[in-house]
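Here are the chains, one letter per residue:
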Amino acid sequence: KTIPATLIAGDGIGPEIMDSVVEILDAVDAPFAWEAHLAGMAGVDAVNDPLPKQTIESIRKTGLAIKGPLTTPVGGGFKSINVTLRQEFGLYSNLRPTKSIIPGSRFENIDLVIVRENLEGYYAAIEHVIPMDGDPRAIAMSGGFLSRKECNRIVRFAFDYALKNGRKKVTLVHKANIIKQMCGLFLEEGRKVAEEYKGRVEVDERIVDACAMQLVTNPWQFDVIVTTNLFGDILSDLTAGLVGGLGMAPGANISEKAAIFEAVHGSAPDIAGKGVANPLALLLAAVMMLRHVGRQDLADRIDAAIAKVITAGEVRTRDLGGTAGTKDLTAALKQAVS
Ligand code: NAI
Ligand code: MG
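Residues numbered from 1 in each chain as written. Chains lettered and ligands numbered in written order. Predicted model: local features only at pLDDT ≥ 70, side-chain atom pairs only at ≥ 80, totals over all residues.

**Examining the overall build of the protein**
Thought 1: The number of helices and strands found in the protein is 11 helices and 12 strands.
Thought 2: On C-alpha atoms alone, the protein measures out to a radius of gyration of 20 Å, which is about the 20 Å that the 2.2 N^0.38 rule sets for 338 residues.
Thought 3: With the principal axes as the frame, the protein shows a C-alpha extent of 60 × 50 × 40 Å.
Thought 4: Looking at the 338 residues of the protein, the share that counts as buried comes to 46%. (Helix = DSSP H or I, 4+ residues; strand = E, 2+ residues; numbered from the N terminus. Rg over C-alpha atoms; globule rule 2.2 N^0.38 Å. Buried ≥ 20, exposed ≤ 12 C-beta atoms within 10 Å, placed from the backbone.)

**Points about the pairing of strand β9 (residues 202–207)**
Thought 1: Pairing geometry for strand β8 (residues 169–174) and β9, over 6 bridges, is parallel. What sits directly across from V173, in β9, is R206. (Pairing = 2+ DSSP bridges.)

**Things to note about the sheet that holds strand β1 (residues 3–8)**
Thought 1: Judged by pairing direction, the sheet is mixed, and its 10 strands sit side by side in the order β2-β1-β3-β12-β11-β4-β5-β10-β8-β9 without closing on themselves. Each edge of the open sheet carries a strand with a single partner, namely β2 (32–36) and β9. With strand direction ignored, the average angle separating the axes of adjacent strands in the sheet is 25°.
Thought 2: Pairing between β1 and β2: 5 bridges, direction parallel. The residue of β2 that forms the bridge with P4 is A33.
Thought 3: Relative to β8, helix α6 (residues 182–196) is tilted by about 165°, and along the sheet it contacts β8 and β9. (Axes fitted to C-alpha atoms, helices over the stretch in contact; angles between N-to-C directions. Contact = placed C-beta atoms within 7 Å.)

**Things to note about the environment of L70**
Thought 1: Structurally, the position occupied by L70 is in the loop between β3 (64–67) and α4 (81–88).
Thought 2: Residue classification places L70 among the buried positions, given that 26 C-beta atoms sit within 10 Å.
Thought 3: Sequence spacing of L70 and A9 is 61 residues, and the spatial spacing of their C-alpha atoms is 8.7 Å.
Thought 4: With residues near it in sequence (within four places) discarded, L70 still touches G10, D11, A39, G40, I81 and S267.

**Section: α6**
Thought 1: Its 15 residues give α6 an end-to-end C-alpha distance of 22 Å, which sits within 8% of 21 Å, the value for a rise of 1.5 Å per residue.
Thought 2: Of the residues making up α6, those classed as buried are M182, C183, L185, F186, L187, E189, G190, V193 and A194.
Thought 3: Elements in contact with the buried residues of α6: β7 (135–145), α5 (148–164), β8 and β9. (Expected span 1.5 Å × (residues − 1).)

**Details of the packing of helix α7 (residues 208–217) against helix α8 (residues 229–242)**
Thought 1: α8 packs onto α7 with a crossing angle of 10° between their chain directions and a minimal axis gap of 10 Å. Overall, the two elements α7 and α8 adopt an arrangement that is roughly parallel. Where α7 abuts α8, its residues V208, C211, A212 and L215 lie against F231, L235, L238 and T239.
Thought 2: Looking at side-chain class alone, the contact of α7 with α8 contains 7 nonpolar, 1 polar and no charged residues. (Parallel < 35°, antiparallel > 145°, perpendicular 65-115°, else oblique. Nonpolar A, V, L, I, M, F, W, Y, C, P; charged D, E, K, R; others polar.)

**A closer look at helix α3 (residues 53–62)**
Thought 1: Within the span of α3, buried status applies to T55, S58 and I59. Burial along α3 is one-sided: seen end-on, the buried residues are contained in an arc of 95°. Residues K53 and K61 are exposed on α3 and point more than 90 degrees away from its buried face.
Thought 2: Looking at the buried residues of α3, the elements they touch are β1, β2 and β3. (Arc of directions from axis to C-beta.)

**Observations regarding the packing of helix α1 (residues 14–27) against helix α11 (residues 326–337)**
Thought 1: Look at α1 against α11: their axes get within 9 Å of each other, and the N-to-C directions meet at 10°. When the interaxial angle is binned, α1 and α11 end up roughly parallel. Crossing geometry of α1 relative to α11 is assigned as right-handed. Contacts between α1 and α11 involve E16, I17, S20, E23, I24 and A27 on the former and, on the latter, T326, T330, L333, K334 and V337.
Thought 2: Here the contact of α1 with α11 is built from residues that sort into 5 nonpolar, 3 polar and 3 charged. (Left-handed = near helix turned anticlockwise from the far one by under 90°.)

**Details of the UniProt feature "domain: Isopropylmalate dehydrogenase-like" (unreviewed entry) in the protein**
Thought 1: Mapped onto this numbering, the UniProt entry annotates "domain: Isopropylmalate dehydrogenase-like" (unreviewed entry) at residues 2–333.
Thought 2: With 40% helix and 23% strand, residues 2–333 has end C-alpha atoms that lie 24 Å from one another. (UniProt positions renumbered as here; feature names shortened; annotations may be inferred.)

**Quick look at the nonpolar core**
Thought 1: Residues F261, L283, A285 and A286 are the most contacted members of the largest nonpolar core, which totals 102 residues.
Thought 2: Broken down by element, the residue count for this core peaks at 11 residues, all from helix α9 (residues 280–292).
Thought 3: Every residue in contact with L283, bar those within four places of it in the chain, is listed here: V21, I24, I302 and I306. (Core = buried A, V, L, I, M, F, W, Y, C linked by C-beta atoms within 7 Å.)

**Points about the domain arrangement of the protein**
Reports of interface size often rely on the accessible area that becomes lost once the parts have come together.
Thought 1: Per the domain assignment, the segments making up the protein are domain 1 (1–110 + 247–338) and domain 2 (115–120 + 149–242).
Thought 2: One C-alpha centre belongs to domain 1, the other to domain 2, and the line joining them spans 25 Å.
Thought 3: Counting residues at the interface gives 15 residues for domain 1 and 16 residues for domain 2.
Thought 4: Residue composition of the side of domain 1 that touches domain 2, by class: 8 nonpolar, 5 polar and 2 charged. (Domains from an automatic or database assignment.)

Structure, rendered in structure tokens:
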């Protein structure tokens, strides 16, 4: 085990699906030397902190983490853990691949990636209320900002990702026709960066609303999509829906300081502790993590095992229309991988 990595099991179904993922990683002898740390409700219960210092220190040291879903504590004045992590490590890029694995589902042969800007845009949440006629919130305002530097590096990230992963095309998704300054800057900088990749990676452009429609009518035309924070959030949930929902959707938050891999779904309190959670989203995140550290060989093996088990169709969790529990699926995957 040569690569130190931080492991946060998470809340709700987190520990169940993390156990499953670690078992499968062990089965292929993955190189990660785990440093287990707390966050979320587990952190609040243990040390009254949803993001303890030791957890942050560990990620600072390893620069690499896998994270189960965290329950955001309601009340108590705790700040969102995911937002804190993004800021702490400058995680400007949110990478969300969408790939069809389940045969016979609504959409087959989909293989696209959304690169979402993760720090700026409307999620910078610069909000303001204006009182009027005794109503303290007569008018509510929300602003966003986008820097030229950020536009440049997120689009560059998308083109570099395309080059490294043998992808042919990057689509810049924007609303520059209406949001002329913020989205206009994104488009302007995007075109500039695209010019540098001319002849190596194709560039294309879409206005976000048309893109949403086309993602449903003809998703196959897309390869890599790069877009701003809010649009990326919405479109990546849409694309998760194309291939079987949240139980199949992995994601990564990446900067030069750290890379944190996770499932897109939350802690699923409604099924926590029942042994029925689908571990595949978190497992697909682990596969991304293996590719990130250059272990394409192991990533390919796990991908193949997932495809084999899911295609055979006998062992599927309830969210995929089956009756298998987390442990049944884990056992089937372990057998398929060895
Ligand atoms: P959720 O994603 O936890 O659950 C939504 C629905 O999908 C539920 O019916 C759940 O049972 C099902 N589901 C989710 N993952 C599943 C899996 N792996 N297998 C089978 N079924 C699955 O969203 P919800 O209920 O809105 O949020 C619950 C908690 O999770 C909240 O505290 C929220 O703040 C947190 N959350 C954390 C995230 C993170 O840490 N990255 C992301 C989203 C939510
Ligand atoms: Mg979202």
